[in-house]
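# Report on the structure
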Amino acid sequence: MNSYASTATDTAQATTLLNALKASLGTDEVLTGEQISDKYLQDWSGEKGGKPLAVVRPRSTDEISRTMAVCHAHHWPVVPQGGLTGLAGGAVPNQGAVVVSLERMSGIEEIDTASATITVLAGTPLQTIQEAAQAAGFFFALDLGARGSCQIGGNIATNAGGNRVIRYGMARDLVLGLEVILPDGTVLSMMNKMVKNNAGPDLKGLFIGTEGTMGIVSKAVMRLHPQVTGANTALVAVADFDAAVKLLRHAQQRLSGHVSAFEVMWADYYKSATTDGGIRAPLPAGYPLYVLLDMQGSAPEENAERFESVLEHALAEGWALDAAIAQSHSDAESFWALRDSIGEMLKTYAPTINFDVSFPISNIGICVDRMRKVMSEQFPDIHAMFFGHVGDGNVHIVVGPLPDDGRKTEHAIEDAYYAITKELGGSVSAEHGIGIHKKPYLGHSRSDAEIALIRAMKRAIDPHNIMNPGKILSD
Ligand SMILES: Cc1cc2nc3c(=O)[nH]c(=O)nc-3n(C[C@H](O)[C@H](O)[C@H](O)COP(=O)(O)OP(=O)(O)OC[C@H]3O[C@@H](n4cnc5c(N)ncnc54)[C@H](O)[C@@H]3O)c2cc1C
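Keep in mind the model is a prediction, meaning the values are calculated, not measured. (Residues numbered from 1 in each chain as written. Predicted model: local features only at pLDDT ≥ 70, side-chain atom pairs only at ≥ 80, totals over all residues.)

When helices and strands are tallied, the protein shows 15 helices and 18 strands. For the protein, the C-alpha radius of gyration of 23 Å lies close to 23 Å, the compact-globule estimate for 475 residues. Along the three orthogonal principal directions, the C-alpha set of the protein runs to about 75 × 55 × 40 Å. Looking at the protein alone, contacts between residues at least 24 apart form 73% of all its contacts between residues at least 6 apart. (Helix = DSSP H or I, 4+ residues; strand = E, 2+ residues; numbered from the N terminus. Rg over C-alpha atoms; globule rule 2.2 N^0.38 Å. Contact = placed C-beta atoms within 7 Å.)

Now the structure itself:
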């Protein structure tokens, strides 16, 4: 079914395909051989892929459509690439595939202030959209540490979560409309701006979180929220995980649903961020857990009293052991730097395994205890740092550095962690997706019937299995 340029016949097919792509798009859009730099070969997951036959860099919907039509006619695999910040290997090229990089499809098409929407090309960096929304008097709620490099098309394809999910939802909740190119080159325009539209099934859902296996996202209509002019931010040291949950529920109740982030960092993460990561420590290291609590609003001065009373209550109840309230924008930024230091940490502890699991919140404390026990009993020389968007049930764990033993230790730790995840009713991927990396564990979180339905949908949309083959599902 899939063609890979590995045999003499394939080489002839590859030449025919390349000629067809160049004839359709022009030579400038199609990189081959030495023109393909290393940046197209891997994403942040470190997963190893193959050398693509070509990298196509379309400038328009029409050029993507023509690329797909050519590849479809030749039954040739295609791998969509956004900003390559993915942590599951979804954008890593298969040997001999055609990479479609969205890097030239960047820009804001429209901000509709009446509808509170922003229409963007898929290759637009997330941060560019945040800044454009801000300049127009709105707030674009999606936010994650890779904001400067990741693209909105990649965010949609992975259904990215990030720092504000607790209040605004995941990428899926911000997408109103999409333009998608199907595997055969058909342009599916669903550039809806309405919040309500029940005229039949919600087709755009097929392309959100499906990691480029159903089509290529070329444009999107995204929802905007009213501008927030500031935030009340605190770093709180808490006694244990139960105390953190009590603080979360109390804050949500007292702050009328305005809690916009509730990020938890366990002691080892905090210590590492403030030592190896070199980030200023607003509170001393050594407390069991740290919570970054954020309440966004339009009048932070007016909210300050309510915000402080939440912290006072937590201290009085013994849930909180210590707290620091940001007194300025730069204080708040330095608190957030603790949480955003993950990019640096991944480099410091490389090679790492990056877990992105989720649980019913009531099971998170048990899960962390059990995973720690695995490390102390079986892998005492390897660090495991726990942190995450715990208000959404999402725990991240960076484990490393791993020994150079042909991935034996990596697989042993993964088997142990994902077995715990399955047993506690969790998900093997909260927000990063399955990609290549978590394929062996998909069945831990999805039933056979669900996987059969995913396969049936994939076959219906992509009968030749050319769209990002081998990602999410094994062929
Ligand atoms: C420091 C750091 C922090 C991060 N924090 C978070 C976080 O808090 N929350 C979170 O959810 N993720 C996080 N991530 C992971 C990553 O940033 C997200 O998964 C992001 O959404 C990927 O976007 P991208 O443009 O880099 O996509 P890529 O890595 O290029 O691709 C990701 C997947 O999407 C597909 N794809 C890309 N563009 C398209 C398109 N236009 N059409 C169809 N398919 C496409 C690819 O084939 C691949 O399967 C983080 C990563 C880093 C490095």
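Now, onward.
To continue, consider the site of the ligand. The environment of the ligand is made up of 39 residues, and the closest members are Gly 82, Gly 86, Gly 90, Gly 153 and Gly 154. Top contributing element to the shell around the ligand by residue count: helix H4 (residues 152-157), with 4 residues. Residues that form the shell around the ligand fall into these classes: 16 nonpolar, 19 polar and 4 charged. (Near = placed C-beta within 6 Å. Nonpolar A, V, L, I, M, F, W, Y, C, P; charged D, E, K, R; others polar.)

What follows covers the sheet that holds strand S14 (residues 289-297). Ordered in space as S15-S12-S14-S13-S17-S18-S16, the 7 strands form an open sheet in which the pairing is antiparallel. Whereas interior strands pair on both sides, the edge strands pair on one side only; in this sheet they are strand S15 (320-325) and strand S16 (353-358). When the angles between neighbouring strand axes are averaged without regard to direction, this sheet yields 20°. Here S16 runs beside strand S18 (residues 394-400); their pairing, made up of 6 bridges, is antiparallel. Across the sheet, residue Asn 354 finds its bridge partner in S18, namely Val 398. Where helix H9 (residues 300-317) meets the sheet, its contacts fall on strand S12 (230-238), S14 and S15, and the angle it forms with S12 comes to roughly 10°. (Pairing = 2+ DSSP bridges. Axes fitted to C-alpha atoms, helices over the stretch in contact; angles between N-to-C directions.)

Moving on to H9. With 18 residues, H9 ought to run about 26 Å at 1.5 Å a step, and its terminal C-alpha atoms sit 25 Å apart, in line with that. Residues of H9 that are buried: Phe 307, Val 310, Leu 311 and Ala 314. Where H9 is buried, its residues meet S12, helix H7 (241-254), S14 and S15. Of the residues trailing H9, Gly 318 is marked for its positive phi of about 85°. (Expected span 1.5 Å × (residues − 1). Buried ≥ 20, exposed ≤ 12 C-beta atoms within 10 Å, placed from the backbone.)

This part takes up the sheet that holds strand S10 (residues 216-223). Backbone-to-backbone hydrogen bonds join strands into a sheet, with any given pair of strands oriented parallel or antiparallel. Within the open sheet, the 5 strands sit side by side as S5-S6-S10-S8-S9. Their pairing is antiparallel. Single-partner strands in this sheet number two, and they are strand S5 (108-112) and strand S9 (187-190). Going from strand to strand, the sheet's axes swing by 10° on average, the running direction of each strand aside. Pairing between strand S8 (residues 175-181) and S9: 4 bridges, direction antiparallel. When the bridges of S9 are listed, Val 180 appears paired with Leu 188. Contacting S5 and strand S6 (117-121), helix H3 (residues 126-135) runs over the sheet at an angle of about 145° to S6.

Right, let's talk about the domain arrangement of the protein for a bit. Partitioning the protein into structural domains gives domain 1 (108-226), domain 2 (230-337) and domain 3 (349-431). Measuring from the centre of the C-alpha atoms in domain 1 to the corresponding centre in domain 2 gives 30 Å. Every contact between the two is made by 4 residues of domain 1 and, on the other side, 5 residues of domain 2. Partitioning the side of domain 1 that touches domain 2 into residue classes produces 1 nonpolar, 1 polar and 2 charged. (Domains from an automatic or database assignment.)

The next subject is the nonpolar core. Core analysis: the largest hydrophobic core is formed by 137 residues, its most contacted members being Val 236, Ala 244, Leu 247 and Val 291. Per-element accounting of this core gives the leading share, 7 residues, to H7. Leave out the neighbours within four places in its chain, and Leu 247 touches Val 236, Val 238, Val 291, Ala 314, Trp 319 and Ala 320. (Core = buried A, V, L, I, M, F, W, Y, C linked by C-beta atoms within 7 Å.)

Further remarks concern unusual backbone geometry. Cis geometry marks the peptide bond from Ala 350 to Pro 351, where omega comes out at -10°. Within the secondary structure layout, Pro 351 lies in the loop between helix H11 (342-348) and S16. Here the bond from Gly 400 into Pro 401 is cis, since omega is -10°, no more than 30 degrees from zero. Within the secondary structure, Pro 401 sits in the loop between S18 and helix H13 (408-423). Backbone geometry places Ala 116, a non-glycine residue, at a positive phi of 55°. Note that Ala 116 resides in the loop between S5 and S6.

This next bit is on the packing of helix H12 (residues 364-378) against H13. Two numbers describe how H12 lies on H13: the axes approach to 10 Å, and their chain directions differ by 160°. With respect to H13, the axis of H12 lies roughly antiparallel. The way H12 lies across H13 gives a crossing that is right-handed. Residues Cys 367, Arg 370, Met 371 and Val 374 of H12 form the contact with H13, whose participating residues are Ala 416, Tyr 417 and Ile 420. (Parallel < 35°, antiparallel > 145°, perpendicular 65-115°, else oblique. Left-handed = near helix turned anticlockwise from the far one by under 90°.)

What follows covers helix H8 (residues 267-274). Turning to H8, its buried residues number three or more, namely Tyr 269, Tyr 270, Ser 272 and Ala 273. End-on view of H8: buried residues confined to an arc of 165°, all on one side of the axis. Against strand S13 (259-266), S14, helix H10 (329-340), H11 and strand S17 (383-388) lie the buried residues of H8. (Arc of directions from axis to C-beta.)

Attention shifts here to the packing of H7 against H9. The N-to-C vectors of H7 and H9 enclose an angle of 150°; their axes lie 10 Å apart at closest approach. Compared by their axis directions, H7 and H9 come out roughly antiparallel. For the pair H7 and H9, the sense of crossing is right-handed. The segment H7 lies against H9, with Leu 247, His 250, Ala 251 and Arg 254 engaging Arg 306, Val 310, His 313 and Ala 314.

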